[in-house]
Protein chains: 2
Amino acid sequence: MTRPPTERRRTLTLRDVSEASGVSEMTVSRVLRNRGDVSEATRKRVLEAARTLGYVPNRIAGALASQRVNLVAVVIPSLSNLVFPDVLGGISAELEGTGLTPVVGVTNYRPEREEAVLYEMLSWRPTGVILAGLEHSDAARAMLANAGAPVVEIMDVDGAGIDSVVGISHRRAGLEMARAIVEAGYRRVGFMGTKMPEDHRARKRLEGFEAGLAEAGLVLEDREFYSGGSALAKGREMTKTMLARSPDLDFLYYSNDMIGAGGLLWCLEQGMDVPGSLGLAGFNGVELIEGLPRRLASMDACRKEIGRRAAAIISGHEDGGQVIELTPSFSRGDTIRPPR
Amino acid sequence: MTRPPTERRRTLTLRDVSEASGVSEMTVSRVLRNRGDVSEATRKRVLEAARTLGYVPNRIAGALASQRVNLVAVVIPSLSNLVFPDVLGGISAELEGTGLTPVVGVTNYRPEREEAVLYEMLSWRPTGVILAGLEHSDAARAMLANAGAPVVEIMDVDGAGIDSVVGISHRRAGLEMARAIVEAGYRRVGFMGTKMPEDHRARKRLEGFEAGLAEAGLVLEDREFYSGGSALAKGREMTKTMLARSPDLDFLYYSNDMIGAGGLLWCLEQGMDVPGSLGLAGFNGVELIEGLPRRLASMDACRKEIGRRAAAIISGHEDGGQVIELTPSFSRGDTIRPPR
DNA sequence: TTGAAAGCGCTAACAT
DNA sequence: ATGTTAGCGCTTTCAA
């Protein structure tokens, strides 16, 4: 029952515009691309003809002939994360006016999907590639190396990049959060996060976090992982579960703001003393936390800026081949008490 | 300083694979596309050569030659809306395994952006077009009519479509919400929403809502609009403002769940009797409301299903040329009291 | 089962 | 300022 996937009615060609306007195809092409000198008179006639016919140029042919493609491949793990739409916003903003268009592919945190998405995108010979993370399959690396286009790996700087890298150190983000917590005098810390072995950035944050605790001779007292469902609801449930199991915890570190918000709501409903006897922190610095009863402590992942800088490298506004490490800003919010 | 936007290093061609394997270009092409009969021996040699070289086919050339493109253009107003990522999820799920790939363009609710994005996408001659809404500029309509590809307008059925339409009636959604509110005995109703003249669906919901109130001889007592910022925080602020101005309201209708959630949180903090003396409702049925202290009354916009059905039309699994109206499910949650 | 020729719709390079 | 010619890298079609 599937329609023969991709046949299509004939659409208008340059030739149609040429005939309608009585101007050669080449000149029509020039007018439409604003290239070379064309008399105002012909220009008008061509534009008029193209408009009334409803001509839309065929970039497939144009790209093949000119060997240029105005596409930037953007490969990210998820759209429902709140994080990546912001990154995309930064990319779009920076690309605005350069003639380049972002094309988005989503991998759902699955390496084999990443490979497939990359292959698909590279087959369109994009001008540049922006992809999340530093961990890729060998095949993916090989493709990227042969892509003949600049590659920017974003979000994370903890590891080796292929070409350019723009991101933050998640290890350090975790580490500094741990230090802030220790400084504030919390001692019995629990962690909650997603059950995603492929979320390398969350993993690195946790590693850094544990290293930070270790500096003070502390270890994580408890941990809990979830997958799927409403993150807000999961944060709520996990918090309840964990506090039932480990009632003496005095701090909860969440791997993202959404579950942190769920946890915060639950704690407040229970009448707990936040941040006095229980501190809370999330990660990402999403807009949402502005609207909570208390501002959740968090760390801004520089999402928009990462997108912007990555796009600037692709557009040539910024030099590539470097590692650009941005500094996430910590915000204590109302859920970590001040240092003692 | 901009890099000459799109020049690129030469990448591998069929010819390279042909030479490396000692098989004609034509046969290499056959192997790579799984078309026609090729002996197992040649097949292996070709695949081997392609793999070791790291060859990625050039779809630009392929598409030009074959006149088929495996792309589906998806044009939506926003990614930060929570709504559209779900729609995209439905589209991707349905397209999985058909060989078709969605390509997303974002308009930010601006008609001139929609026109530009459409033009750009149509220039790649996609197999089909899925776009949000029924309201488009004349130029956009003309382009779509000439696209030579199936067009599916999604989200909304209140108006005239171009080709296929899949969505819900926002007018009716507003109407039924009003009826539910009236039935529950609320009488003094306020409305809050986004200040977006171009958000036609929000507008239609409000129109339907007012019509529903009118059936009971009621009118909106107060209304407030916002733009930008954290929706959760805005919901909070607007609610405070409105209740200060109109303290005798007994119901607040929000044009989306996020501001509704902000309002709910504020009301609960104030110790208000929800839903006893004040009822609340949002719209969309987003996952987030599962995690709130009370489940916010809402109406599910059938996001995933809309994406799925639209994609099914493009892939040919479902007939096109129809208007498919889905029925949003109302959920009373914990913020509307039962009918008296 | 394999190969050769033609051409998809456009643009680069070179006329004029 | 405008036109002509020769491809871009593939696939279609037809021949072997």
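Residues numbered from 1 in each chain as written. Chains lettered and ligands numbered in written order. Predicted model: local features only at pLDDT ≥ 70, side-chain atom pairs only at ≥ 80, totals over all residues. Heavy atoms only, no water.

**Some thoughts on empty space enclosed by the protein**
In step 1: In the structure shown here, the tally under the stated rule is 2 cavities of 30 Å³ or more.
In step 2: Counted as a void, the largest cavity has a volume near 40 Å³.
In step 3: Around the largest cavity, the lining residues are A:L232, A:A261, A:L265, A:L288, A:L292, B:L232, B:A261, B:L265, B:L288 and B:L292.
In step 4: Elements that contribute at least two residues to the lining of the largest cavity include exactly α11 (257-269) of chain A together with α11 (257-269) of chain B. (1 Å grid on protein atoms, 1.4 Å probe; cavity = no way out; pocket = protein on both sides within 12 Å on 5 of 7 lines; lining within 4 Å. Points joined across faces, edges and corners; volume = space filled by probe spheres on them. Helix = DSSP H or I, 4+ residues; strand = E, 2+ residues; numbered from the N terminus.)

**Some points on the packing of aromatic side chains**
Both the distance between ring centres and the angle between the ring planes are used here to describe each pair of aromatic rings.
In step 1: Enumeration according to the criterion identifies 9 aromatic pairs over all chains in this entry.
In step 2: With centroids separated by 5.9 Å and ring planes inclined at 80 degrees, the aromatic side chains of A:W124 and B:W124 adopt a geometry described as edge-to-face. Taken together, the positions of A:W124 in the loop between α6 (111-122) and β3 (128-132) and B:W124 in the loop between α6 (111-122) and β3 (128-132) put the pair across two chains. By the burial criterion, A:W124 is buried, and B:W124 matches it.
In step 3: Taken together through their ring pairs, the aromatic side chains of A:F191, A:F209, A:F225 and A:Y253 make up a single cluster.
In step 4: Positioned above the aromatic ring of A:Y186 is the side chain of A:R337, whose terminal nitrogen or guanidinium carbon lies 4.0 Å from the ring centre. (Phe/Tyr/Trp six-rings, centres within 6.5 Å; stacked < 30°, edge-to-face > 60°. Buried < 20%, exposed > 50% of the residue type's maximum accessible area, 1.4 Å probe, protein only. Lys NZ or Arg CZ within 6 Å of the ring centre and 35° of its normal.)

**Quick word on the environment of A:I60**
In step 1: Residue position: A:I60 is located in helix α4 (residues 59-66).
In step 2: For A:I60, a relative accessible area of 3% gives the class buried.
In step 3: For the pair A:I60 and A:T13, spaced 47 residues apart in sequence, the C-alpha separation works out to 12 Å.
In step 4: Setting aside residues no more than four positions away along its own chain, A:I60 makes contact with B:I60, B:A63, B:L64, B:V69, B:S123, B:W124 and B:R125. (Contact = heavy atoms within 4.5 Å.)

**With respect to the layout of surface pockets**
In step 1: Of the voids in this model, the second largest pocket is the one considered here, and its volume is about 1,600 Å³.
In step 2: Around the second largest pocket sit 47 residues that line it, and B:R33, B:P57, B:N58, B:R59 and B:G62 are the ones nearest its centre.
In step 3: Sorting the residues of the lining of the second largest pocket by element identifies α4, α6 and α7 (138-145) of chain A together with α1 (14-21), α2 (25-33), α3 (40-53) and α4 (59-66) of chain B as the ones contributing at least two each.
In step 4: The element best represented in the lining of the second largest pocket is α4(B), accounting for 7 residues.

**Some remarks on the relation of the copies chain A and chain B**
In step 1: Once chain A has been moved 0.1 Å along the axis and rotated by 180 degrees, it coincides with chain B to within an RMSD of 0.1 Å. What the rotation and shift describe, once combined, is the action of a two-fold rotation axis. Among all C-alpha atoms of chain A, that of A:I60 lies closest to the rotation axis, at 2.7 Å. (Least-squares fit on C-alpha atoms with pLDDT ≥ 70 in both.)

**Things to note about the UniProt feature "domain: HTH lacI-type" (unreviewed entry) in chain A**
In step 1: Here, UniProt's "domain: HTH lacI-type" (unreviewed entry) annotation points to residues 12-66 of chain A.
In step 2: What you have in residues 12-66 of chain A is 71% helix and 0% strand, and the ends, taken at the C-alpha atoms, are 20 Å apart. (UniProt positions renumbered as here; feature names shortened; annotations may be inferred.)

**Here's the deal with the protein's contact with DNA strand D**
In step 1: Looking at DNA strand D, there are 24 residues lining it, with A:R30, A:D37, B:M26, B:S29 and B:Y55 nearest.
In step 2: Among atoms of DNA strand D positioned within 4 Å of the protein, sugar and phosphate together represent 65%.
In step 3: Take A:D37: an N or O atom from its side chain is 3.0 Å from a phosphate oxygen of DNA strand D.
In step 4: A distance of 2.9 Å separates a phosphate oxygen of DNA strand D from a polar side-chain atom of A:T42.
In step 5: At the level of elements, α2 (25-33) and α4 of chain A together with α2 and α4 of chain B are the ones that each hand at least two residues to the surface near DNA strand D.
In step 6: Partitioned by chemical class, the residues of the surface near DNA strand D number 10 nonpolar, 10 polar and 4 charged. (Near = heavy atom within 4 Å. Polar contact = N/O pair within 3.5 Å; in protein donor to acceptor, adjacent residues only side chain to side chain. Nonpolar A, V, L, I, M, F, W, Y, C, P; charged D, E, K, R; others polar.)

**Some points on a positive patch on the surface**
In step 1: Among the surface-exposed residues, A:R30, A:R33, A:R35 and A:R68 lie close enough to one another that they form a single positively charged patch.
In step 2: As for its placement among the helices and strands, A:R35 is situated in the loop between α2 and α3 (40-53). (Patch = residues over 30% accessible without salt bridge, like charges linked within 9 Å, V, L, I, M, F, W, Y side chains within 5 Å. Areas by Shrake-Rupley, 256 points an atom, 1.4 Å probe, with all protein chains shown as cover. Salt bridge = Lys/Arg side-chain N within 4 Å of Asp/Glu carboxyl O. Lys, Arg positive; Asp, Glu negative; His and termini not counted. Charge placed at Lys NZ, Arg CZ, Asp CG, Glu CD.)

**Some points on the protein's contact with DNA strand C**
In step 1: Among the 23 residues in the neighbourhood of DNA strand C, the closest are listed as A:L14, A:S29, A:Y55, B:S24 and B:R30.
In step 2: By atom count, sugar and phosphate contribute 68% of the portion of DNA strand C lying within 4 Å of the protein.
In step 3: Here a phosphate oxygen of DNA strand C sits 2.9 Å away from a polar atom, N or O, in the side chain of B:T42.
In step 4: Of all the secondary-structure elements, those providing two or more residues to the surface near DNA strand C are α2 and α4 of chain A together with α2 and α4 of chain B.

**Side note on the pattern of salt bridges**
In step 1: Under the criterion given, the structure shown has 44 salt bridges over all chains.
In step 2: Ionic pairing is found between A:E305 and A:R309, a salt bridge with its closest N-O pair at 3.6 Å. Residue A:E305 and its partner A:R309 are both found in helix α12 (residues 303-315); the two are separated by 4 residues, about one turn of the helix.
In step 3: Note on A:E305: relative accessible area 32%, which makes it partly exposed.
In step 4: Close ionic contact of B:E176 with B:R172 constitutes a salt bridge, the shortest N to O distance being 3.8 Å. With B:E176 and B:R172 both in helix α8 (residues 170-183) and 4 residues apart, this pair spans about one turn of that helix.
In step 5: Sharing partners across several salt bridges, the network here consists of A:E305, A:R308, A:R309 and A:E318.

**Regarding helix α5 (residues 83-95) of chain A**
Residues and elements named next belong to chain A.
In step 1: Counted at 1.5 Å a residue, the expected span for α5 with its 13 residues is 18 Å, and the 19 Å between its end C-alpha atoms agrees.
In step 2: Within α5, burial applies to V83, F84, P85, V87, L88, G90, I91 and L95.
In step 3: Where α5 is buried, its residues contact β1 (71-76), β2 (101-106), β3, β4 (151-156), α9 (200-215) and α12.
In step 4: Remark: G97 follows α5 within two positions and exhibits a positive phi of approximately 85 degrees. (Expected span 1.5 Å × (residues − 1).)

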